[in-house]
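# Observations on the three-dimensional arrangement
Below, each chain spelled out in residue letters.
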Amino acid sequence: MKNKILCMGCINIDLVMYASRIPRPGETIETDNFQTFPGGKGGNQSVAASILGGDVKFFTKLGTDDYSKQLTIAQKKCGVSMDDVLYLDGATAGIAMIMVDENAQNSILYTPGANRMLTPDDVRASSHIFDDCDILEITMESPKEAVYEAIKIAKSKNMIVIMDPAPAPKEGIPAEIAELVDFIKPNETETEILTGIAVTDEISAWKSLKALQAKGFRTPIISLGGKGALTVLDGEAYLERPLNVKPIDTTAAGDIFLGAFTSALSNGKSLKECLKFAKTAAAISTMKKGAQSSIPSIQAVEAFL
Ligand code: RIB
């Protein structure tokens with residue numbers, strides 16, 4: 001049986017410029033390579049989960065501007081239910097300004113717009129939307145008080161909680177919340193913020209995995225960029241090795257990894273199978289430009305596997 005996913009996070013419009021390199025402070029560089037894509041970590045994860053076989057509904061706050069309308073249409077087209085999203089009159093959607101260099105690395109500056117106005121009261125008032133869901137997939141781009149409220153409600157309804165701690169709060173995540181999280185997927189930077197341990201090699205990554213578990217997170221999965229993803233399996237370190245691809249844009253690869261992971265989990269796959277599926281979807285996505293525009297089809301992932 002397919003388990004239903006509730007996804008909560010930010011939806012943004014991504015304004016993306018591609019250039020040979022990212023400008024240094026005070027420098028201006030010209031490029032004629034500019035594109036606009038639907039994005040936001042929550043948006044990307046929900047669309048990836050839906051395209052890759054999940055049954056997904058979304059919760060956030062959007063505005064009434066054109067971007068909010070475009071993003072709603074884009075999410076629906078990808079099969080994500082937007083019926084429970086709140087729309088704040090006069091507010092705008094989130095906007096992300098993204099620069100991508102010739103090595104496919106990016107820098108992102110974003111303003112969450114209406115996403116930032118989501119309150120714990122909004123989440124409580126919408127608590128009925130959790131009732132028919134089995135998995136909560138959540139990012140920290142929404143206000144943290146609202147995120148923590150959603151996690152508490154999800155656990156009170158026996159849901160599995162999957163957290164992307166991006167951006168990681170400098171003060172860390174409270175222990176009473178960490179204990180409610182089943183899977184957390186930080187990258188190296190977020191891991192360092194949450195544990196104080198710089199991830200420089202497999203030994204420090206293993207130490208930080210144990211530190212995350214000591215904080216209460218049941219199954220941490222640290223994404224190590226081009227080096228794969230490290231987790232704890234039956235008490236031992238397990239490294240899911242990366243695929244060898246030539247990336248042109250790594251924007252949202254982490255989101256696509258988590259969306260694919262969540263979809264596989266919702267379809268009853270084992271942790272190892274979820275990781276393989278997720279890393280394959282993420283690797284394929286880096287060979288195409290954009291965030292949601294780079295999500296591969298389920299057939300493409302299966303062919304690669
Ligand atoms: O993870 C990539 C996403 O981060 C982009 O789509 C952008 O909107 C930012 O939220």
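The structure we're discussing is the one just above.
Notes on the structure follow. (Residues numbered from 1 in each chain as written. Predicted model: local features only at pLDDT ≥ 70, side-chain atom pairs only at ≥ 80, totals over all residues. Heavy atoms only, no water.)

### With respect to the pairing of strand β10 (residues 160-164)
Burial analysis of β10 places 4 of its 5 residues in the buried class, the great majority of the element. For the handedness criterion, the β-α-β arrangement of strand β9 (residues 135-139), helix α4 (residues 144-156) and β10 is classed as right-handed. Bridge count for β10 against strand β11 (residues 183-184) is 2 bridges, and the pairing is parallel. Within β11, the position partnered with I162 by the bridge is F183. (Buried < 20%, exposed > 50% of the residue type's maximum accessible area, 1.4 Å probe, protein only. Helix = DSSP H or I, 4+ residues; strand = E, 2+ residues; numbered from the N terminus. Right-handed = clockwise from strand over helix to strand, strands pointing away. Pairing = 2+ DSSP bridges.)

### As for the sheet that holds β10
Strands belonging to one sheet form pairs held by backbone hydrogen bonds; the direction of such a pair is parallel or antiparallel. Strand order in the open sheet made by the 8 strands is β4-β1-β9-β10-β11-β12-β13-β14, with mixed pairing throughout. In this open sheet, the two strands that pair with only one neighbour each are β4 (55-59) and β14 (236-240). Pairing of β9 with β10 involves 5 bridges; the strand directions are parallel. Pairing of I138 across the sheet is with M163, part of β10. Its contacts with the sheet put helix α9 (residues 271-285) on β11, β12 (219-223), β13 (229-233) and β14, and the angle it makes with β14 is roughly 30°. (Contact = heavy atoms within 4.5 Å. Axes fitted to C-alpha atoms, helices over the stretch in contact; angles between N-to-C directions.)

### Let's talk about the nonpolar core
Counting residues in each nonpolar core, the largest one holds 43 residues, and the members touching the most others are I221 and F261. Breaking this core down by element, the ones donating at least two residues are β1 (4-8), β2 (12-18), α1 (41-51), β4, β13, α8 (253-266) and α9. For this core, the leading source of residues is α9, giving 8 residues. Setting aside residues no more than four positions away along its own chain, I221 makes contact with F183, I184, K185, P186, A229, L230, T231, F257, F261, L271 and L275. (Core = buried A, V, L, I, M, F, W, Y, C linked by side-chain atoms within 4.5 Å.)

### Some thoughts on the sheet that holds strand β7 (residues 94-100)
Strand order in the open sheet made by the 4 strands is β3-β2-β7-β8, with mixed pairing throughout. In this open sheet, the two edge strands, each paired with only one partner strand, are β3 (34-39) and β8 (106-111). Averaged over all pairs of adjacent strands, the angle between their axes in this sheet comes to 20°, without regard to strand direction. Two elements, β2 and β3, share 6 bridges in a ladder whose sense is antiparallel. For V16, the partnering residue across the bridge sits in β3 and is Q35.

### Details of the site of the ligand
The environment of the ligand is formed by N12, D14, G39, G40, K41, N44, A96, I108, E141, A252, D255 and A291. The separation between an oxygen atom of the ligand and a polar side-chain atom of N44 is 3.0 Å. Within the side chain of E141, a nitrogen or oxygen atom sits 2.7 Å from an oxygen atom of the ligand. Surface burial for the ligand is 96%, taken as the share of its 280 Å² of free accessible area covered by protein chains. Those elements that place two or more of their residues in the shell around the ligand are β2 and α1. When its residues are assigned to classes, the shell around the ligand shows 4 nonpolar, 4 polar and 4 charged. (Near = heavy atom within 4 Å. Polar contact = N/O pair within 3.5 Å; in protein donor to acceptor, adjacent residues only side chain to side chain. Areas by Shrake-Rupley, 256 points an atom, 1.4 Å probe, with all protein chains shown as cover. Nonpolar A, V, L, I, M, F, W, Y, C, P; charged D, E, K, R; others polar.)

### Concerning the pattern of salt bridges
Per the stated rule, a full pass over the model turns up 14 salt bridges. The salt bridge partner of K57 is D132, with a shortest N-O separation of 2.9 Å. A residue pair is termed long-range when its members are at least 10 positions apart, and K57 in strand β4 and D132 in the loop between α3 (120-125) and β9 qualify at 75 residues. K57 gets classed as buried once you look at its relative accessible area, which sits at 8%. Taking the relative accessible area as the measure of exposure, D132 reaches 42% and is therefore partly exposed. For K276, the salt bridge goes to E240, with nearest N and O atoms at 3.3 Å. With K276 in helix α9 and E240 in strand β14, this residue pair connects regions lying 36 residues apart in the sequence. (Salt bridge = Lys/Arg side-chain N within 4 Å of Asp/Glu carboxyl O.)

Nothing here speaks to function; it is all geometry.
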